[in-house]
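Residue-level structure breakdown
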Amino acid sequence: MKKLFSILIISLFFFNSFSQNYQVVKKINVAGDGGWDYLAVDDVNQHLFVSHGNEVNVIDLKTDKTIATIPDTKGVHGIAIANDLNKAFITDGKDNAVTIVNLQTFELIEKVVINGQKPDAVLYDEFSHKVFTYNAKSQDATVLDAITNKVIKDIPLNGKPEFSVTNTKGLIYVNIEDKNQIKTINAKTLEVIATWSISPGDEPTGLAMDIETNRLFSVCGNALMIIVDASNGKIIKTLPIGEGCDGVAFDAKKKLIFSSNGSGTITEVKEENALEFSVIETIKTQKSARTIALNKSTHQLYLSSADYGVKPEPTTENPKPRASIVPNSFSILVVESNSK
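**A few points about the nonpolar core**
Leu39, Leu48, Val50, Ile59, Tyr302, Phe330 and Ile332 are the most contacted members of the largest nonpolar core, which has 16 residues in total. Taken together, the elements giving at least two residues each to this core come down to strand 2 (39-42), strand 3 (47-52) and strand 28 (331-337). In this structure, Ala121, Tyr134, Ile172 and Ala187 belong to the second largest nonpolar core, which totals 15 residues.

Shown next as structure tokens:
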């Protein structure tokens, strides 16, 4: 009996240690009270680009200090880092434009106006040296030559596109939020070559990929993660996640998938192999922390967040009011493992 009791205590100890593996270790305060969307890590220079109101804040991850502010990015949403070209590509949703800046100096290289309406997510594909902006209102993707900064083509998507990933070998995958689909784009021909339903996933937003196992991780508005075989669209696994998810990150070295949930948690999923996946931890963050970025060098996670005031009562003029951001509360949550 004593032996059984000892085994139970040891098992509980290891379970509790494991279940509390990741945690918020600090907050990086950032000036300004605007809203936000995506954030992106420049792994080479160890800088974090944060969409924030009508500008992009650049944080030095070695000092946690804001070292630059990129202005005139009205309705900013996405940031794509192109280290091989020393450029960042930023979508300006209200201007229907892409702001291109130097990764070293943060100076403006060019602002390119596109035909696409309300550009949101953006992807740089190093394989083809192309940039893909995903345009919510016009329901298409605008493709730019990342070297010349010229628009090449608009690709109809017949649905509202969200986040996108590349397999680094010529195929691009994008969530279609209002159709519950993933579409595949050929990076050479710039044509949609496959459309897959990811039902029961509803309103897919964030998307990540394990290139080694060829698995896509799509997180959805109905609190599900849908794991898809990128070669044929077959659903491999459906897992529960938290409410209000808008982003997902994959740590290729640790084989961990992180779903950022606006309800105030991260759902951590372990990939054992190409067929076995399981939820192993729910990490407490902060309500509103719905987008996420991974530092591949340090394995830290970053989430934008802020405090909100009391939500106003609905009125005839404003039937769906939003609570206002508490002044000076915007910050970046830094999440890391306590067993690096």
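**Description of unusual backbone geometry**
Residue Pro200 is bonded to the preceding Ser199 through a cis peptide linkage, with omega at 20 degrees. Relative to the helices and strands, Pro200 is located in the loop between strand 17 (191-197) and strand 18 (204-210).

**Focus on the confidence of the model for the protein**
Per-residue confidence for the protein averages 93 on the pLDDT scale, and 94% of its residues sit at or above 70. Across residues 1-19, confidence stays below pLDDT 50; counting only partners more than four residues off in sequence or on other chains, it has three contacts.

**Quick word on the environment of Leu103**
Within the secondary structure, Leu103 sits in the loop between strand 8 (97-102) and strand 9 (108-113). Judged by its relative accessible area of 1%, Leu103 is buried. Placed 126 residues apart in sequence, Leu103 and Asp229 show a C-alpha to C-alpha distance of 34 Å. Setting aside residues no more than four positions away along its own chain, Leu103 makes contact with Asp42, Asn45, His47, Phe49, Ile81, Ala82, Asn83, Asn86, Lys87 and Ala88.

**Quick notes on the sheet that holds strand 25 (residues 277-284)**
The four strands are arranged 22-23-24-25 in an open sheet whose pairing can be described as antiparallel. Of all strands in the sheet, those with a lone pairing partner are strand 22 (245-251) and strand 25, marking the two edges. Strand-to-strand twist of the sheet, defined as the mean angle between neighbouring strand axes without regard to direction, takes the value 20 degrees. Where strand 23 (residues 256-261) and strand 24 (residues 265-271) come together, six bridges link them in antiparallel fashion. Bridge pairing in strand 24 places Asn261 opposite Thr265.

**Digging into the pattern of salt bridges**
One pass over the full model with this rule turns up 12 salt bridges. The salt bridge involving Asp72 is made with Lys111; its shortest N-O contact spans 3.4 Å. Placement of the pair is Asp72 in the loop between strand 5 (65-70) and strand 6 (76-82) and Lys111 in strand 9, with a sequence separation of 39 residues. For Asp72, a relative accessible area of 40% translates into the label partly exposed. Residue Lys111 is classed as partly exposed on the basis of its relative accessible area of 27%. Beyond isolated ion pairs, a larger network of salt bridges with shared partners links Asp72, Lys74, Asp92, Asp95 and Lys111.

**Let's talk about the pairing of strand 13 (residues 151-156)**
When strand 12 (residues 140-145) meets strand 13, the two strands line up antiparallel, connected through five bridges. Its bridge partner lying in strand 13, Thr142 is registered against Asp154.

**Notes on the packing of aromatic side chains**
Tallied over the entire structure, the rule returns nine aromatic pairs. Aromatic side chains Trp36 and Tyr308 sit 6.4 Å apart centroid to centroid with 50 degrees between the ring planes, which places their arrangement in the tilted category. You can see Trp36 sitting in the loop between strand 1 (22-29) and strand 2 and its partner Tyr308 sitting in the loop between strand 27 (301-305) and strand 28, a full 272 residues away along the chain. The partly exposed category is assigned to Tyr308, whose relative accessible area is 39%.

What counts and how
- The numbers attached to residues start from 1 for each chain and follow its sequence in the written order.
- With the structure being a predicted model, the display of local features is reserved for residues of pLDDT at least 70 and the display and counting of side-chain atom pairs for 80 or more, all residues being used for whole-chain, interface and lining totals.
- Computation of side-chain values covers all heavy atoms of the structure but excludes hydrogens and water.
- As used in this record, nonpolar core signifies buried Ala, Val, Leu, Ile, Met, Phe, Trp, Tyr and Cys residues forming a set joined through side-chain atoms within 4.5 Å.
- Each residue is placed in one exposure class: buried if its accessible area under a 1.4 Å probe, protein chains only, is under 20% of its type's maximum, exposed if it is over 50%, and partly exposed if it falls in between.
- Helical segments are the DSSP runs of H or I of at least four residues, strand segments are the runs of E of at least two, and each set is numbered from the N terminus.
- Confidence of the prediction at every residue is given by pLDDT, a number between 0 and 100.
- Contact definition: two residues touch when any of their heavy atoms are within 4.5 Å.
- Pairing between two strands is assigned when DSSP locates at least 2 bridges connecting them.
- Angles here are taken between N-to-C directions and fall from 0 to 180 degrees, while the axes themselves are lines fitted to C-alpha atoms, restricted in helices to the stretch in contact.
- For salt bridges, the criterion is a side-chain nitrogen of Lys or Arg within 4 Å of an Asp or Glu carboxyl oxygen.
- Only Phe, Tyr and Trp rings take part, Trp by its six-membered ring, and two of them pair if their centres are within 6.5 Å. Stacked means planes under 30 degrees apart, edge-to-face means over 60, and tilted covers everything else.

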